[in-house]
Every structure is written in structure tokens, then in C-alpha cells.
Amino acid sequence: MIVDTMRTVYGTLLNFRSELETLGAQVNEPPYGAPPKAPVLYIKPANTWSRNGAAIALPARVAKVEVGATIAMLMKAPGEVAGYVLMNDLSIPHTSYFRPPVKFKCLDGFLGVGDTLLPAAADVDPSRFRLEVRINGELKQSMNFSQLVRPAAQLLADVGEFMTLAAGDVLMLGVDAGRPLARVGDRIEISADGLGSLSNTLVAEAAS
Amino acid sequence: MKHARIVHTGVTQWATERDGQLLLADGRLVPLDAVTWLPPLEPVVAPRTILALGLNYADHAKELAFKAPEEPLVFLKGENALNGHRQFTRRPEGVKFMHYECELTVVIGREARKVKHADAYDFVRGYTVANDYAVRDYLENWYRPNLRVKNRDGATPVGPWLVDAGDVPNPMALALSTTVNGKVTQSGNTKDMIFDVPFLIEYFSAFMTLRPGDLILTGTPDGVVDCRPGDVVVTEIEGIGALMNTIA
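So, how was this worked out
Residues numbered from 1 in each chain as written. Chains lettered and ligands numbered in written order. Predicted model: local features only at pLDDT ≥ 70, side-chain atom pairs only at ≥ 80, totals over all residues. Helix = DSSP H or I, 4+ residues; strand = E, 2+ residues; numbered from the N terminus. Rg over C-alpha atoms; globule rule 2.2 N^0.38 Å. Contact = placed C-beta atoms within 7 Å. Nonpolar A, V, L, I, M, F, W, Y, C, P; charged D, E, K, R; others polar. Buried ≥ 20, exposed ≤ 12 C-beta atoms within 10 Å, placed from the backbone. Arc of directions from axis to C-beta. Pairing = 2+ DSSP bridges. Axes fitted to C-alpha atoms, helices over the stretch in contact; angles between N-to-C directions. Domains from an automatic or database assignment.

Peer 1: Got a minute to help me understand the overall build of chain A in this structure?
Peer 2: Looking only at helices and strands, chain A has 3 helices and 14 strands in total. Here the C-alpha radius of gyration of chain A, 16 Å, is about what a compact globule of 208 residues would show, namely 17 Å. When its C-alpha atoms are laid out on the principal axes, chain A stretches across 45 × 40 × 30 Å. Look at the contacts in chain A between residues 6 or more apart in sequence, and 77% of them connect residues 24 or more apart.

Quick look at the structure:
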């Protein structure tokens, strides 16, 4: 399983043009002061990883989560992509991107990981990826990876400028604006041609 | 006891401190400078979670012109950032301000989920020292401190020792200092942390399960200065160890 081979998993914020458009003039206002220059990354640590089909538990205080559907690059070696995999990067909804989002993104189980690897190949062009998000069977979001600020190869190169992505490391391409919300009882299904589908159901955390 | 993870004669192994030397498992004593030092951490199957605190000393928060945080300011690091004692950390070309950060580092000893403050120390395997370098030129106000500042390859030396928790009766009262080329540039005490070790374990484990081998770097006090290629930086914590790094 892909989830058993992963090392550090990096997510990417603001790599869809729509995300920057949504922020608009805010990017120049406090606390940001300027649009981002380098890729804006975050880490989804191992406690967040959930398998395809697994239930993901929401603490009672979390009424809704934001579904961050994306496609990630799984590395074979520094600078070399093994292939692509679906991810469901859940967050507690938040509006400020000033501080690292650990308390919003690093809850146990908050990253669904697909189990289908689309191997990298000359005829696999990440800018042609399309992805769909369904909640309880209803289409909630469609994503077109031609709309990235940094296309996959450029994102890899710009990240590689300051850190090495080694075998097993994972880098998400980014999540489009218009992220759907989901709550306990919802079944989230993410699918893309060649990448299969990833589904996770939200359940209430057992009382402790 | 003080444990070191080292490479000696090509063999990666644990050793312990004995009379200023390293005691190998086979009984041999070797000098401290005769080995390659690795971070004093047991290898883990899933990647370890590395939590690092910002602005966790009142004086450092003041120095950096921020008000003290009302809750922990935390960021994560990848294992690519870790480095050993006596190794080198690269200063990128053309930057103006790269500084060390001497930090008491907690190594988690057992799975920690929803831990209460009063029980927190039961989950600590031991302590080590980290030098959490930052390249301030690259700071941006997006998920600050951003990874380009804080997650550079080999820019977080850890070590030299893993000191058993039982040998550190009060981790919240340890003198801490940094020297650059032998001159003291930073001094403080862990008693001045805003959020102390039990608080942090309770806080993080409330929403994320910590596992054996996970790390919490607890932040640094006042007194960070720019470091240049060739500078020898020693970050030291009383009773824990003196971690040496050279800027390349």
C-alpha cells in the first residue's frame, strides 16, 4: 500500500490560481503584506494518514471539515517522481494562513491516501489531470490541474531549491478553491481518470 | 544515562557516555571525536513527527517584535532537516541573516493521546539538544515560519546525547547557552518558557497522537546572531549536552 511507503508528506497552499483570486487584495494587506514568493507548504504527519475506505473520526467540537481533494506526487528519488496518487487533505475550516495550520490540519486521520499509483511516464501530463469530489454521491467539486500557479515540474524544482524530496516523500499539487464541507455521516469520494477513487466516511469520535 | 547513535568503523550503533568517552556495546571505549555522530534517535517505521515551537520564550518574543503568543506557535519539520553532532550546515549564498536557535528537545517515549498535564512526563523518553537554524531572509507571512526558512536539508542538528528522562529531574530549570567561535552569544534558562513541556504534551496530544520517537523542539530564548561560513556554533543545555555545528 502506498500509505505504508510514505515518508514526509507535504501539502501545497495557494497553488491554484483560484485560491489567490479568492484572496484578492488581501494578499497585500496585514498580516501577509505581499503575495507568496516561494511555494507555501505544510506537513501532514503520519498520525493523519488514513487508508482508502477507512472511517475518519471527527472530535465532537468539529462540526464540519473542509475537503481538500488533490493529487500528490510520490517521489522515487530526489527530483524523480514515482507516480501520482489521490489525497483527501481534511482541515478544520480556517481563514488565516499567517501561522502554520497544525491545529487545523494535523488531527488523527485527517489525510485520506489513495491506493492507486499512476506511474510517472512520458505520456502522463499532470496538467491534464481532472478530479471530482462527491459527497454522498453528489458531485460537489471538479478540479482541473491546468489551473496551477506552478505546474508539477516547476513546483518540484522550486521546492527542490531549498529542500530535498527523497524516496517516499510526497508533494501535493494543491487544492482548488471552492472546497466542499463535510460532516459526520458523510461519505467523501474523490476520483480521477487513471488514479482510481479514494473514499472515506466521517464518523463521530468515540467518547473517551 | 547518556546515549549516542554513532557510526564507528562503518557500523551504525548505540553507545553510551563513560568517563568522557563512548562505551560501545562490545565493551570498547572510543574517543568522542573518533566516530560520526547521528541524531540520537531510534529509527522509526513511519516518519517521526517533528514539532517545533516559535516564540516560546518571553524574551525572544520581545526581541522579534511580536507579542507573546496566547497559544503555542508550532510548525512541523521533515526528517530531511535533521543532522548530527559535529556536522555542517550550509548557509545559502547571498543571504544576510542566518541564526542558530538552541532548544531543549523532548523525545517521546510512548504513544501519547489526550494526555493530562499531570501525567505528561510519563510519556517522555528523554531529552536532547537541537539547533533549529533559521534563514531569516526567506521569511514570508504565509504559514510563518515557512519551510524555506525552517526545513532546509541538514539545518536542524540534534544531539549529541539522548539523556534518559529519569536523569533530568527538572527539565524546566536548565541553563541554556550558545557560543559562536567560543564567545557566548545566547544564554537563558528553560524556566522562562511560556509553554512548558507538560503543557505542550497535553496540548498536542489533545488533537494529535504522538508516537515513540516523535520530537518536540521547545523554542529558543533571546540572543540570536548571524552566523557565517566557518563559524563554529555550540548550543548547550545544562545536563543534556553541548551540540557542535559548523557553518559551511
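Here the narrative resumes, following the displayed structure.
Peer 1: What is the right way to read the interface of chain B and chain A from this model?
Peer 2: Think of interface size as the accessible area that goes away when the parts come together; that is how it is often given. The interface of chain B with chain A comprises 26 residues on the first partner and 31 residues on the second. Elements supplying a minimum of two residues to the side of chain B that touches chain A: β7 (73-77) and α2 (147-150) of chain B. In terms of residues, the side of chain B that touches chain A owes the most to one element, β7(B), which gives 4 residues. Partitioned by chemical class, the residues of the side of chain B that touches chain A number 12 nonpolar, 7 polar and 7 charged.

Peer 1: Got a minute to help me understand helix α3 (residues 152-160) of chain A in this structure?
Peer 2: Three or four residues apart is the spacing at which side chains of an α-helix point the same way, because the helix has 3.6 residues per turn. All names here are of chain A. Within α3, burial applies to Ala152, Leu155, Leu156 and Val159. Summarising the axial view, the buried residues of α3 lie within an arc of 100 degrees, below the 170-degree limit, and thus occupy one face. Considering only its buried residues, α3 is in contact with β1 (9-13), β5 (65-77) and β11 (170-172).

Peer 1: Would you mind showing me how to read the sheet that holds strand β4 (residues 55-58) of chain A here?
Peer 2: Within a sheet, neighbouring strands are paired by backbone hydrogen bonds and run either parallel or antiparallel to one another. Residues and elements named next belong to chain A. The strand order β4-β14-β13-β9-β10 describes an open sheet built from 5 strands, whose pairing is mixed. Of all the strands in the sheet, the pair left with one neighbour each is β4 and β10 (138-144). The sheet shows a mean angle of 20 degrees between the axes of neighbouring strands, taken without regard to direction. As paired strands, strand β13 (residues 187-192) and strand β14 (residues 196-204) are joined by 6 bridges and run antiparallel to one another. Counted as the bridge partner of alanine 192 is glycine 196 from β14.

Peer 1: Even after reading the chapter, I still don't get the environment of Asn47(A), so can you show me in this structure?
Peer 2: Within the secondary structure, Asn47(A) is located in the loop between β2 (40-43) and β3 (49-51). Asn47(A) sits in the buried class, given 21 other C-beta atoms within 10 Å. C-alpha of Asn47(A) to C-alpha of Gln26(A): the two residues are 21 residues apart in sequence and 33 Å apart in space. Other than its neighbours up to four places away in sequence, Asn47(A) contacts Asp108(A), Thr49(B), Met208(B) and Thr209(B).

Peer 1: Is there a simple way to explain helix α3 (residues 197-205) of chain B in this structure?
Peer 2: All names here are of chain B. By the burial criterion, the buried members of α3 are Leu200, Ile201, Phe204 and Ser205. End-on view of α3: buried residues confined to an arc of 110 degrees, all on one side of the axis. At its buried positions, α3 is contacted by β6 (50-54) and β17 (215-217).

Peer 1: Is there a simple way to think about the domain arrangement of chain B in this case?
Peer 2: Residue and element names in this part refer to chain B. What the domain assignment lists for chain B is domain 1 (1-38) and domain 2 (43-247). Computed over C-alpha atoms only, the centres of domain 1 and domain 2 are separated by 24 Å. Domain 1 puts 8 residues into the contact, and the matching count from domain 2 is 10 residues. Of all the elements in the fold, those that place two or more residues in the side of domain 1 that touches domain 2 are β1 (2-8) and β5 (36-38). When the residues that make up the side of domain 1 that touches domain 2 are grouped by side-chain class, the tally is 4 nonpolar, 2 polar and 2 charged.

Peer 1: I'm lost on the sheet that holds strand β9 (residues 87-89) of chain B in this one. Help?
Peer 2: All names here are of chain B. Taken together, 5 strands build an open sheet; the order of strands is β9-β19-β18-β15-β16 and the sheet is mixed. The sheet is open, and its two borders are formed by β9 and β16 (183-189), each paired with just one other strand. Across the sheet, the mean angle separating the axes of adjacent strands is 25 degrees when strand polarity is ignored. Bridge analysis of strand β18 (residues 232-237) against strand β19 (residues 241-247) gives 6 bridges, and the strand direction is antiparallel. Across the sheet, residue valine 232 finds its bridge partner in β19, namely threonine 246.

Peer 1: Is there a simple way to think about the pairing of β7(B) in this case?
Peer 2: Successive residues of a regular strand alternate their side chains across the two faces of the sheet. Residues and elements named next belong to chain B. With 5 of 5 residues buried, β7 lies mostly within the body of the structure. Of the two faces of β7, the one lined by Leu73, Phe75 and Lys77 and the one lined by Val74 and Leu76 are each fully buried. Direction of pairing for β6 relative to β7: antiparallel, over a ladder of 5 bridges. Residue leucine 53 lies in a different strand from β7, and its bridge partner there is valine 74.

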